[in-house]
Amino acid sequence: MKFGAVPTREAAGLIAAHTVRAHDVTLRKGRVIPAEDAARLDAAGLSELVAVTLEPGDVAEDAAAERLATHLAGPHLDRAPPFTGRCNLHAASAGLLRIDRAAIDAVNGVDEAITVATLAPCKPVVAGEMVATVKIIPYAVSGEALARACRAAPGGALGVTPYRLRRVVVVSTLLPGLKPTTIDKTLDNLRHRLAPTGADLVAEARVPHRREAVADAIRAAVAEDRAELVVVFGASAIADRRDVIPAGIEAAGGRVEHLGMPVDPGNLLLVGAVAEVPVIGAPGCARSPKENGFDWVLHRLLAGLAVTRADIVGLGVGGLLMEIVSRPQPRSGGSPAEDDA
């Protein structure tokens, strides 16, 4: 691609590098210069224009962006028509954004003319939401560079994993001092979290904060309510694997996969399963509508994705979220008893 000033009389058929408004003629940036407009500007005394000349093998910006976006688009993504060297990808359904990060990094490293920007991996998205954009920086790119960019990433390096689980059951444990209105607000906030995913809160149980009561409630949720996901909100935060909620999961015949996570708020989250139905022991911050580590695990499980110890320990970078103003500040030396993360 050649870029620079050319005699106006020779500019017909080239691409205008900048918008030009002169002598009742308007040339639009990035558009082909019509012969009649070039002739009028030349006759009016405008001696040169900054224009782009494509060379053999060059691919125009829109065509290049569309080709790369099509290559990268995987399941449940829609491609919008390209414009000004940009081609956007949108979610075709609600779910979690899946990204092969190494592939996208490799594409961005091919040539400065070729860029791909995405939302964060595993971000919850809704149908129609833009999740990625391919932008060709100049007005064209060499076909060889475009081919290398396509080779740098496997086809379908971006995609959406739709939400799959629909039936959620909540078990809330009770201790003196826990107000029923607190539980009601917690359930309302959970319903709000579930709304974009298509899942429903199909049942809820309120039981004493004891191992046997938790075990019975979880067994009933799985067997009687046909739960696909169980969330346990403890009246007291989980402090140890031998505490009431993990002990209740094991007493129900289940297992604790992992306790704790490097996300704050959200440190005191538990992930387990009973009869292969995932169980979340929710941290205290999950009662708040503000984003916390509970959201990250909840959405992955609703999408039918396994949440392993490796997944959880990999959340530390970027896992320091905003302080919840309404709670004491444990990061600043608050009492440990007040840290219900």
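Since we're looking at a predicted model, the values are computed, not measured. (Residues numbered from 1 in each chain as written. Predicted model: local features only at pLDDT ≥ 70, side-chain atom pairs only at ≥ 80, totals over all residues. Heavy atoms only, no water.)

Concerning unusual backbone geometry
Defined as follows: The secondary structure listing takes helices from DSSP runs of H or I that are at least 4 residues long and strands from runs of E that are at least 2 residues long, numbered from the N terminus.
Residue Pro-265 is reached from Asp-264 by a cis peptide bond, and omega for that bond is 5°. Unlike most non-glycine residues, Ala-275 shows phi in positive territory, near 55°. Positive phi, normally seen in glycine, also occurs at Glu-276, with a value near 65°. Along the chain, Glu-276 turns up in the loop between strand 19 (270-274) and strand 20 (277-282).

Some words on the packing of helix 6 (residues 211-223) against helix 7 (residues 244-251)
Which entries qualify depends on this criterion: Each axis is a line fitted through C-alpha atoms, taken for helices only over the stretch in contact, and angles between the N-to-C directions span 0 to 180 degrees. For classification purposes, angles smaller than 35 degrees are called roughly parallel, those larger than 145 roughly antiparallel, those between 65 and 115 roughly perpendicular, and all remaining angles oblique. Put simply, a crossing is left-handed when the front helix is turned counterclockwise from the back one by less than a right angle, and right-handed when it is turned clockwise. Only heavy atoms matter for contacts: two residues are in contact if any of them lie within 4.5 Å across the pair. Residue polarity follows a fixed list, in which Ala, Val, Leu, Ile, Met, Phe, Trp, Tyr, Cys and Pro are nonpolar, Asp, Glu, Lys and Arg are charged, and the others, Gly among them, are polar.
Two numbers describe how helix 6 lies on helix 7: the axes approach to 7 Å, and their chain directions differ by 50°. On the basis of the axis angle, helix 6 is oblique to helix 7. Crossing angle aside, the handedness with which helix 6 passes helix 7 is right-handed. Residues Arg-211, Val-214, Ala-215, Ile-218 and Arg-219 of helix 6 lie in contact with helix 7, whose contacting residues are Val-244, Ile-245, Ala-247, Gly-248, Ile-249 and Ala-251. Tallied by class, the residues present in the contact of helix 6 with helix 7 amount to 8 nonpolar, 1 polar and 2 charged.

Quick look at the sheet that holds strand 1 (residues 2-7)
Under the convention used in this document: For two strands to be treated as a pair, DSSP must find at least two bridges joining them.
Spatially, 1-5-2 is the arrangement adopted by the 3 strands of the open sheet, whose pairing is antiparallel. Across the chains shown, the open sheet's two edge strands, defined by having one partner strand only, are strand 1 and strand 2 (15-16). Where strand 2 meets strand 5 (residues 48-53), 2 bridges bridge the pair, whose relative direction is antiparallel. Pairing of Ile-15 across the sheet is with Val-52, part of strand 5.

So, the nonpolar core
We apply this condition: Definition used in this section: a nonpolar core is a set of buried Ala, Val, Leu, Ile, Met, Phe, Trp, Tyr and Cys residues joined via side-chain atoms within 4.5 Å. Throughout this description, buried means an accessible area under 20% of the type-specific maximum (1.4 Å probe, protein chains only), exposed means over 50%, and partly exposed covers the range between.
In terms of nonpolar packing, the biggest core is built from 33 residues, with Leu-68, Leu-72, Val-107, Ile-114, Val-131, Val-141 and Leu-158 touching the most fellow members. When residues of this core are traced back to their parent elements, those giving at least two are helix 2 (61-72), strand 8 (86-91), strand 9 (95-99), helix 3 (101-108), strand 10 (114-118), strand 12 (130-136), helix 4 (143-152) and strand 14 (158-162). Among the elements that line this core, the one with the most residues is helix 2, at 5 residues. Leave out the neighbours within four places in its chain, and Ile-114 touches Leu-68, Val-107, Asn-108, Lys-135, Ile-136, Val-141, Ala-145, Leu-146 and Ala-149. Counting residues in each nonpolar core, the second largest holds 31 residues, with Leu-96, Val-231, Val-271 and Ile-280 among its members.

Focus on helix 5 (residues 180-194)
So the rule is basically this: The span one expects for a helix is its residue count, reduced by one, times 1.5 Å. By definition, the arc is the one covered by directions from the helix axis to the C-beta atoms.
Taking 1.5 Å per residue as the helical rise, helix 5 with its 15 residues ought to reach 21 Å, and the 21 Å between its terminal C-alpha atoms agrees with that figure. Residues Ile-183, Thr-186, Leu-187, Asn-189, Leu-190, Arg-193 and Leu-194 constitute the buried set of helix 5. One side of helix 5 carries all its buried residues, which in axial view fall inside an arc of 160°. In this structure, helix 5 carries Lys-185 and His-192 as exposed residues pointing more than 90 degrees from its buried face. On its buried face, helix 5 is in contact with strand 15 (167-174), strand 16 (200-208), strand 17 (229-233) and helix 8 (293-302).

Notes on the side chain of Asn-88
Selection criterion: Any pair of nitrogen or oxygen atoms within 3.5 Å is treated as a polar contact; in protein, a donor-acceptor pairing is required on top of that, and neighbouring residues in sequence qualify only through side-chain atoms on both sides.
Tracing the backbone shows Asn-88 in strand 8. On the basis of relative accessibility, which here comes to 9%, the residue Asn-88 falls in the buried class. Within the structure, the side chain of Asn-88 is placed 2.7 Å from the side chain of Thr-133, a separation counted as a polar contact. Apart from residues lying up to four places away in sequence, Asn-88 is in contact with Asp-78, Arg-79, Ala-80, Phe-83, Met-130, Ala-132 and Thr-133.

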